[in-house]
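Residue strings, one per chain:
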Amino acid sequence: MGNPVFIPTWADASLSSPETGRPLYRRGPFLTDGSGGERWPVVEEIPYLRAGRKELLERVNAALDRGDHDAALAGLLRDQDDWAPTSPPSPQSVRAAVSVADAGGPAREVMHYLGFGPVADYFSYRLSDPVYLAGLCLIQTGWDAPQSSFELACGIGHYTRELSRRGIEATAGDVVFAKLWLARRYLVPEAKLVCFDASRRFPVEDGSADLALCQDAFYFLPDKPHVAAELGRIAGDDGTIVIGHSHNAAVENFSSGEPAGVARHLELFPGSTLYDDAELTEAAVAGRDPTPREAGELSRSEAVSLVRSGSRSSSRPRRAPDLLLPPPGTPLRLNPLYKDLGEGSHVLGWPSGHYEEEYAPRSGYLPERISPSETVLREGAEEGVGASPEIDRLVRHRVLLDLPEGM
């Protein structure tokens, strides 16, 4: 297995122990609180700070003590969240996953070996699904020129990638080390990443982010008052909190979890502005501002979203970048959901029946059939965003995408 070199590192005392809350300091491949009683592994510059994993920590730390980075990485890549529907991948599958990633192979193959199952579809086609577009629109709506961000439950880093390339000092965390490792390898190598459990005190500092966000995950988290308080601690009174696509307990949803009602969201994030998630998607594609909603208007919404603006939002310039359009010049490729029929024609195809059932009803911006000219495809690949109004239109409608290498 390879051991790539990465740039981002955590400064001493910028992270804290999930057990004691004491600041942590880098000592070789570990973070320690200085007492000698705690050692938390750092593998590929991703600190692993999950409490309650004593046996795993002992194995990983022993591997690092003997200089066996490969064994340490393999151990962490097999760790799962507590609601994973499948067994951990075998050691052989993990070795295959790392081998593919080291060779620059496709992320989808890596996710197959790591046992991601249907979640691989979710991550592979994330850039064009309606929930992702709604999240971009929500961040843009709450924009107050952030200099730093923290994303909770970041998955493999799609939103953090978008923030990082806008010049924001981006930090992100997730409970699954394998997802962060994929983020590091494929989407956002420049971000600071940390593995931790949201049921404990978050390991990052008070007021360390101008923007704290949690997209398409808040409904999974059982102790919502704790999570809300921690996001508030990290954003402080000045920062903005963004909660996207949080399932409404009053409406049936596809995904499992422990959703809250609309009123409960307002209790947890008082003073927030509410939005209907489906309307955010429509606004994103149309390039317009979304319409705020009162709580009573959202009683039958499948998912709600909210922005809690910080005290500095009125004093900082709010001109937001158009997050539906990547930075000018970004190379573009045809959305992989489109299958080639020959003679320049392509048809929209869904990766599975479940994926189609969940996302197709809100994906009307994706045309069923397309016949993009060779000129448009070439200009999109060579000149990228901003090459022509037609190319930018196809980007907004997710026919052309700024896919990361290997995705």
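Now for a look at the structure at hand. Counting restarts for each chain: residues are numbered from 1 in the order of the written sequence. pLDDT decides what is reported in this predicted model: residues at 70 or higher carry local features, side-chain atom pairs at 80 or more are listed and counted, and totals for whole chains, interfaces and linings draw on all residues regardless. Calculated side-chain values reflect all of the structure's heavy atoms, with hydrogen atoms and water omitted.

## A short note on the packing of helix H1 (residues 54-65) against helix H2 (residues 69-77)
The following threshold applies: Orientation is described by lines fitted to C-alpha atoms, with helices fitted over the stretch in contact, and by angles between N-to-C directions that extend from 0 to 180 degrees. Here a strand is any run of E in DSSP of at least two residues, a helix any run of H or I of at least four, and the numbering for each starts at the N terminus. Orientation labels follow simple angle bins: below 35 degrees gives roughly parallel, above 145 gives roughly antiparallel, 65 to 115 gives roughly perpendicular, and whatever is left gives oblique. The hand of a helix crossing depends on one turn: near helix anticlockwise from the far one by less than a right angle means left-handed, and clockwise means right-handed. Here, residues are in contact when the closest pair of their heavy atoms is within 4.5 Å.
Following both chains from N to C, one finds H1 and H2 inclined at 160°, their axes separated by 7 Å at the closest point. Relative to H2, the element H1 lies roughly antiparallel. The chirality of how H1 crosses H2 is left-handed. Seen from H1, the contacting residues are Leu 56, Val 60, Ala 63 and Leu 64; seen from H2, they are Ala 71, Ala 72, Gly 75 and Leu 76.

## Topic: the sheet that holds strand E13 (residues 338-342)
Defined as follows: We treat two strands as partners when DSSP finds at least two bridges between them.
Here we have three strands laid out as an open sheet, ordered E13-E14-E15, and antiparallel in their pairing. Where the open sheet ends on each side, the last strands, each with one partner, are E13 and strand E15 (369-370). Relative to E15, strand E14 (residues 345-348) runs antiparallel, the two being bridged by two bridges. Across the sheet, His 346 pairs through a bridge with Ile 370, a residue of E15.

## Some thoughts on the packing of H2 against helix H8 (residues 177-187)
Condition: Each residue gets one of three labels, nonpolar for Ala, Val, Leu, Ile, Met, Phe, Trp, Tyr, Cys and Pro, charged for Asp, Glu, Lys and Arg, and polar for the others, Gly among them.
At a closest axis distance of 8 Å, the pairing of H2 and H8 adopts a crossing angle of 120°. Relative to H8, the element H2 is oriented oblique. Along its contact with H2, which presents Leu 73, Leu 76 and Leu 77, the element H8 presents Phe 177, Ala 178 and Trp 181. Here the contact of H2 with H8 is built from residues that sort into six nonpolar, no polar and no charged.

## Examining unusual backbone geometry
Just so we agree on the cut-off: Whether a residue is buried, partly exposed or exposed follows from its accessible area with a 1.4 Å probe, protein chains only, as a fraction of its type maximum: under 20%, in between, or over 50%, in that order.
We note that His 245 has phi near 45°; this positive angle belongs to a residue other than glycine. One non-glycine residue with positive phi stands out, namely Arg 398, at about 65°. Its location among the elements puts Arg 398 in the loop between helix H14 (389-396) and strand E16 (400-401). Judged by its relative accessible area of 3%, Arg 398 falls in the buried class.

## Comments concerning the packing of aromatic side chains
Here is the rule: Note on ring pairs: Phe, Tyr and Trp rings are taken, using the six-membered ring of Trp, and paired if centres are within 6.5 Å. Classes follow the plane angle, with under 30 degrees stacked, over 60 edge-to-face and the rest tilted.
Considering all chains together, one arrives at eleven aromatic pairs under this definition. Ring geometry for Tyr 125 against Tyr 355: centres 6.0 Å apart, planes inclined by 70°, an arrangement best described as edge-to-face. One end of the pair, Tyr 125, is in the loop between helix H5 (119-124) and helix H6 (130-141); the other, Tyr 355, is in helix H12 (residues 353-359), with 230 residues separating them in the sequence. The exposure class of Tyr 355 is buried, given its relative accessible area of 5%. Ring plane angle 35° and centroid distance 6.0 Å describe the contact between Trp 350 and Tyr 355, whose orientation is recorded as tilted.

## Quick look at the pattern of salt bridges
Any two side chains of opposite charge can pair, on the condition that their charged atoms come close. For the record, the criterion: Any carboxyl oxygen of Asp or Glu within 4 Å of a side-chain nitrogen of Lys or Arg constitutes a salt bridge here.
Across all of its chains, the model carries 26 salt bridges by this definition. The salt bridge involving Asp 277 is made with Arg 362; its shortest N-O contact spans 3.2 Å. Taken together, the positions of Asp 277 in helix H11 (residues 277-286) and Arg 362 in the loop between H12 and E15 put the pair 85 residues apart, joining distant regions of the chain. Residue classification places Asp 277 among the buried positions, given a relative accessible area of 2%. The partner of Arg 288 in a salt bridge is Glu 279, and the shortest N-O contact between them spans 2.7 Å. Via salt bridges that share partners, Arg 161, Glu 162, Arg 165, Arg 166 and Asp 402 belong to a single interconnected network.

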